[in-house]
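Working through the structure, step by step
Chain by chain, the residues:
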Amino acid sequence: ANTSLYAFIEQWAGTPYRYGGATRDGIDCSAYSGTLIHDIYGITLPRTARSQYDECDRVKKADLQEGDLVFFRTRRGVSHVGVYLGNGYFTHASTSSGVMISNLEEEYFSKRYLGGGRVPAKTDN
């Protein structure tokens, strides 16, 4: 178990969703995934869900690993992103409930799932 990952999620849990937000006062999905990946894995991601999708290597659902990104079509195109935790669970900033953990098999997410992405393993210098 990655204790720093779960400590990060616990610190952010319940932070409200705010489009364009990037702080504990309010954060959107791509800022949350970008902050998590940077703080836990030392990798800087682009700002938007679409740009994060474009930067990742595609991963089949069955091959998802902790720290992979999961992408959804909630509007047109790539419009939502979360970070995979394992056993079907992922953490994300939900428009309705803020930062939380959900399951890919929940009807809402399974219908809108676009794919998984592995973040290129480059670290900031």
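Residues numbered from 1 in each chain as written. Predicted model: local features only at pLDDT ≥ 70, side-chain atom pairs only at ≥ 80, totals over all residues. Heavy atoms only, no water.

**Things to note about the side chain of S102**
- Along the chain, the position of S102 falls in strand β7 (residues 98-103).
- Engagement of the side chain of S102 in a polar contact is seen with the side chain of H92, the distance being 2.7 Å.
- Residues in contact with S102, not counting those within four places in the same chain, are G88, Y89, F90, H92 and F109. (Helix = DSSP H or I, 4+ residues; strand = E, 2+ residues; numbered from the N terminus. Polar contact = N/O pair within 3.5 Å; in protein donor to acceptor, adjacent residues only side chain to side chain. Contact = heavy atoms within 4.5 Å.)

**So, the pattern of salt bridges**
- Scanning the model with the defined rule gives five salt bridges in all.
- Here E107 and K111 are joined by a salt bridge, their closest N and O atoms 3.0 Å apart. Placement of both E107 and K111 in helix α4 (residues 107-112) is noted, with a separation of four residues, approximately one turn of the helix.
- According to the relative accessible area criterion, E107 is exposed, its value standing at 54%.
- Using a relative accessible area of 62% as the deciding quantity, one classes K111 as exposed. (Salt bridge = Lys/Arg side-chain N within 4 Å of Asp/Glu carboxyl O. Buried < 20%, exposed > 50% of the residue type's maximum accessible area, 1.4 Å probe, protein only.)

**Describing the side chain of S30**
- When you line up the elements, S30 lands in helix α2 (residues 29-41).
- At a separation of 2.7 Å, a polar atom in the side chain of S30 contacts the main-chain carbonyl oxygen of R47.
- Once residues within four sequence positions are removed from consideration, S30 is found in contact with R47, T48, A49, Q52 and V81.

**Comments concerning the nonpolar core**
- Counting residues in each nonpolar core, the largest one holds 25 residues, and the members touching the most others are I27, Y32, L36, I37, L69, F71 and V119.
- The set of elements that each furnish at least two residues to this core consists of α1 (3-12), α2, α3 (49-55), β4 (69-72) and β5 (80-86).
- Beyond its immediate sequence surroundings of up to four residues, L36 is in contact with L5, F8, I9, Y41, V83 and T91.
- Of all hydrophobic cores here, the second largest spans nine residues; its members include L64, Y84, F90 and Y113. (Core = buried A, V, L, I, M, F, W, Y, C linked by side-chain atoms within 4.5 Å.)

Interpretation in functional terms is not warranted from these geometric data alone.
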